[in-house]
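What follows is the residue order along each chain.
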Amino acid sequence: MISEIWLFKVYGRLIYIGVSRILVMAKKVKGEEIIRLRNVSKHYPMGDSVVKALSHIELKVFAGEFIAIMGPSGSGKSTAMNLVGSLDMPTYGTILLDGGDIAELDESDLAQVRGKKIGFIFQSFNLISNLTVKENVMLPMMFQGTDFEEREEKAEELLKLVELHDRMDHYPGEISGGQMQRVAIARSLANDPEVVLADEPTGNLDTKTGAIVMDFLQKLNKQGKTVIMVTHDPDLAKEYADVIYWLLDGELDKVTKRCGNKFVDVTKRKKKEMKEKK
Amino acid sequence: MKLDYLILALKNLRHRGIRSWLTLLGIFIGVTAVVALIGLGSGLQAAVGAQFGVSSTQALTVQAGGLNSFGPPGSGAVNKLTRDDVDAISKLGTVEFATPRNLETTKIEYNDIVVFSMAVSVDDAMEKEMYETMDIEARSGTMLLNDALGRIVIGNNLADGTKNGFDKDIATGDNVLVQDKRFRVVGILKKKGSFMLDNIVLMYQDDLDNLFDYGEEVDIIGVKVKSPDLMDRAKKEIEKLLRDRRDVDVGEEDFEVSTPDAILETVNSVLGGVKAFIIIIASISILVGALGIVNTMTTSVLERKKEIGIMKAIGGTNYQIFLQFFFESGMLGLIGGLVGITFGTLISFAGIIGINNFIGSELLPTIDFMLISGALIGSFIVGATAGIIPAMNAAKQNPVEALRG
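What you see is a predicted model, and the numbers here were worked out from it, not measured in a lab. (Residues numbered from 1 in each chain as written. Chains lettered and ligands numbered in written order. Predicted model: local features only at pLDDT ≥ 70, side-chain atom pairs only at ≥ 80, totals over all residues. Heavy atoms only, no water.)

### Regarding the interface of chain A and chain B
- Each partner contributes residues to the interface: chain A has 28 residues there, and chain B has 25 residues.
- Between chain A and chain B, a total of about 2,400 Å² is buried, with carbon and sulfur atoms accounting for 60% of that surface.
- Three residues stand out in chain A for area buried against chain B, namely Asn130(A), Met142(A) and Phe143(A), and they jointly supply 26% of the buried area on that side.
- Viewed at the interface, chain B and chain A are joined by 4 salt bridges.
- Residue Lys312(B) is joined to Glu107(A) by a salt bridge in which the shortest nitrogen-to-oxygen separation is 3.1 Å. (Contact = heavy atoms within 4.5 Å. Buried area = accessible area lost by both parts, 1.4 Å probe. Salt bridge = Lys/Arg side-chain N within 4 Å of Asp/Glu carboxyl O.)

### A closer look at the confidence of the model for chain A
- In the predicted model, chain A carries a mean pLDDT of 87, and 86% of its residues have values of at least 70.
- For the stretch residues 18-26 of chain A, pLDDT sits under 50, and the model shows 2 contacts to residues farther than four places along the chain or on other chains. (pLDDT = per-residue confidence, 0-100.)

### Remarks on the side chain of Ser285(B)
- With respect to the helices, strands and loops of the structure, Ser285(B) is situated in helix H10 (residues 260-303).
- Discounting residues that sit within four places of it in the chain, Ser285(B) has contacts with Gly26(B), Ile27(B), Ile29(B) and Gly30(B). (Helix = DSSP H or I, 4+ residues; strand = E, 2+ residues; numbered from the N terminus.)

### Structural notes on the environment of Gly309(B)
Residues and elements named next belong to chain B.
- By the secondary structure assignment, Gly 309 is in helix H11 (residues 305-313).
- Placed 47 residues apart in sequence, Gly 309 and Ala 262 show a C-alpha to C-alpha distance of 66 Å.
- Apart from the residues within four sequence positions on either side, Gly 309 is in contact with Pro 399, Ala 402 and Leu 403.

### So, the pairing of strand S3 (residues 95-101) of chain B
Residue and element names in this part refer to chain B.
- A large share of S3 lies buried, amounting to 6 of its 7 residues.
- By the bridge criterion, 6 bridges tie S3 to strand S12 (residues 220-225) in an arrangement that is antiparallel. Within the sheet, the bridge partner assigned to Pro 100 lies in S12 and is Ile 221. (Buried < 20%, exposed > 50% of the residue type's maximum accessible area, 1.4 Å probe, protein only. Pairing = 2+ DSSP bridges.)

### A word on helix H4 (residues 83-90) of chain B
Residues and elements named next belong to chain B.
- When H4 is considered as a whole, its buried residues turn out to be Asp 85, Val 86, Ala 88 and Ile 89. When H4 is viewed along its axis, its buried side chains cluster within an angular range of 165 degrees and face the same direction.
- The elements touched by buried residues of H4 are strand S1 (59-64), strand S2 (81-82), S3, strand S11 (217-218), S12 and helix H9 (231-246). (Arc of directions from axis to C-beta.)

### Re the packing of helix H4 (residues 133-143) of chain A against helix H5 (residues 148-161) of chain A
All names here are of chain A.
- Relative orientation of the contacting elements H4 and H5 amounts to 125 degrees, with a least axis distance of 9 Å. Classed by the angle they form, the pair H4 and H5 counts as oblique. The handedness of the crossing between H4 and H5 comes out as right-handed. Here Val 133, Lys 134, Val 137, Met 138, Met 141 and Met 142 of H4 lie close against H5, whose contacting residues are Phe 148, Arg 151, Glu 152, Lys 154, Ala 155, Glu 156, Leu 158 and Leu 159.
- Grouping the amino acids of the contact of H4 with H5 by side-chain chemistry returns 9 nonpolar, no polar and 5 charged. (Axes fitted to C-alpha atoms, helices over the stretch in contact; angles between N-to-C directions. Parallel < 35°, antiparallel > 145°, perpendicular 65-115°, else oblique. Left-handed = near helix turned anticlockwise from the far one by under 90°. Nonpolar A, V, L, I, M, F, W, Y, C, P; charged D, E, K, R; others polar.)

### Section: the environment of Phe183(B)
Residue and element names in this part refer to chain B.
- Mapped onto the elements of the fold, Phe 183 is located in strand S9 (residues 181-189).
- The class for Phe 183 is buried, based on a relative accessible area of 4%.
- Between the alpha carbons of Phe 183 and Phe 212 there is a distance of 15 Å; along the sequence they are 29 residues apart.
- In this view, Phe 183 contacts Gly 150, Arg 151, Ile 152, Asp 174, Asn 175, Val 176, Val 178, Met 203, Asp 207 and Leu 211; residues no more than four positions away in its chain are not counted.

And the structure:
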């Protein structure tokens with residue numbers, strides 16, 4: 001009897017470990033690190049001089065978080081978003097996507113990984129005007145080699161999710177800005193990515209339609225998607241994000257984290273800096 | 001999976017502006033020219049053949065000088081053929097008969113209008129034989145057969161008031177003035193499709209002799225060979241005979257024995273020249289078309305830089321983006337080719353119908369599927385080749401820069 005209980009304990013534990021393993025392999029467990037920028041700098045040559053767009057950025061994205069990258073114009077947030085989205089390579093430092101250094105991938109492999117793991121939402125929607133709403137949503141899946149029927153089914157499902165299934169066969173020019181951004185949200189979800197990266201998603205929208213779009217993003221986050229939003233609007237960041245990275249003049253000014261209704265400064269500073277502050 | 005990119009390319013083509021389509025004119029014209037030319041080839045050959053009077057496989061013509069001399073056949077020669085030559089040729093073993101023919105440009109007056117046309121003599125002893133070698137017969141009235149002098153048979157067009165220049169039809173029984181002498185028209189020939197035969201005036205040897213005084217001279221000798229297999233042998237025999245009679249060496253002949261094959265060869269070499277010319281024009285046109293596609297694709301890549309950036313951001317690899325532009329370019333060429341084939345086929349159909357009406361032949365317009373598929377594949381290849389470099393440029397775009405537009 002005792003030994004039976006013991007066996008059950010052992011097997012139960014083994015089964016538990018096995019199942020959790022499978023779950024990890026299938027999908028990131030909440031709290032696991034997805035993207036990490038380690039001491040990243042981005043410099044652009046400009047004539048004879050060098051523009052330091054970003055310097056020494058440390059950033060971690062964990063599964064299930066809603067992160068905002070905040071900063072006024074010229075603060076380097078677009079550069080940051082390109083790096084976080086692995087569209088661009090850092091001049092110094094490393095970017096880890098799912099633990100792997102993106103510098104080790106060639107351009108096409110990186111595109112494939114990007115297409116699979118990150119869904120982009122842009123300020124100016126960036127839908128392809130020659131393709132219908134549905135074809136736009138199907139496109140990322142085409143690049144992953146998904147077959148037509150599956151693409152179509154998934155696109156219809158996603159457009160239903162953003163409440164645009166009655167506009168599937170319209171061209172982007174025939175729908176409103178808010179609707180276009182919802183199409184972009186549907187497209188960003190096409191390959192079921194781990195991260196949705198939104199660059200000023202409400203920038204070209206009025207307050208009301210902007211709120212609708214933000215509600216969709218929040219809903220996605222509640223369902224477990226990691227959302228990274230780049231914005232210049234501190235109110236928007238504070239309203240929706242859990243963690244805010246504040247950028248100023250190409251440097252990380254501070255990192256704040258939601259704690260109840262307030263945000264607390266969780267910036268990790270080097271000891272020397274801390275001393276200087278004191 | 002490649003099919004997806006082909007479909008995507010087609011979708012993008014739906015929204016191309018008129019400028020892109022205009023660049024296809026080159027491909028379109030080139031393919032039209034080639035397809036029309038090849039489609040018309042057989043018809044042209046028959047038409048030109050008819051102009052040269054190629055009909056029987058058993059007929060030979062002998063003339064002094066050469067086929068390529070100026071003026072009416074045989075008339076420019078210094079050392080003319082004679083009636084004795086005719087007799088000698090008709091005695092050859094391979095020859096069934098030989099008929100002498102004289103021809104002269106004559107003044108014809110009717111309805112108070114003067115027109116010049118070719119008069120050909122008919123030998124009163126060999127009327128039927130001559131009609132046979134020339135492959136002619138009357139559509140109204142009769143041919144000259146044991147008739148009295150002062151009678152003529154005229155070609156189809158010379159009787160037709162809309163074509164003969166007299167502003168009035170000539171009917172059998174009408175009188176016309178030939179070199180100011182009155183002749184009665186007893187017959188009108190069937191349409192032959194040959195400019196010369198359709199405007200001909202046939203009269204007896206004695207009549208023509210009275211008008212021009214030939215004596216023993218003969219311009220052309222029409223020869224019928226006993227069987228088609230003997231053509232080459234007959235030709236050689238006649239050549240040898242005439243060399244001996246005229247005392248010339250091999251290679252220095254001042255006469256020519258023409259077989260239908262030889263005439264066809266001449267026709268073909270003329271047609272070959274025309275074909276070569278059209279093919280050169282078509283090639284230049286296709287080259288210009290290809291450059292047009294390079295141009296329009298390069299512009300398109302620049303215009304759609306942002307689109308390329310978007311595609312890269314959402315996971316498009318360089319190869320996938322290359323494929324899309326490559327197919328788009330190929331499809332542009334293919335569409336140019338398709339329109340060209342349609343027009344080319346229409347032109348060749350219309351041309352064949354025109355030739356049929358002109359020479360009264362019954363050529364059937366044909367659709368050559370090998371030619372069509374060849375032209376389609378060819379134009380796709382031209383388009384795709386033209387698109388390689390622009391497509392590579394598209395694929396090479398840096399996603400961040402491309403997204404900026």
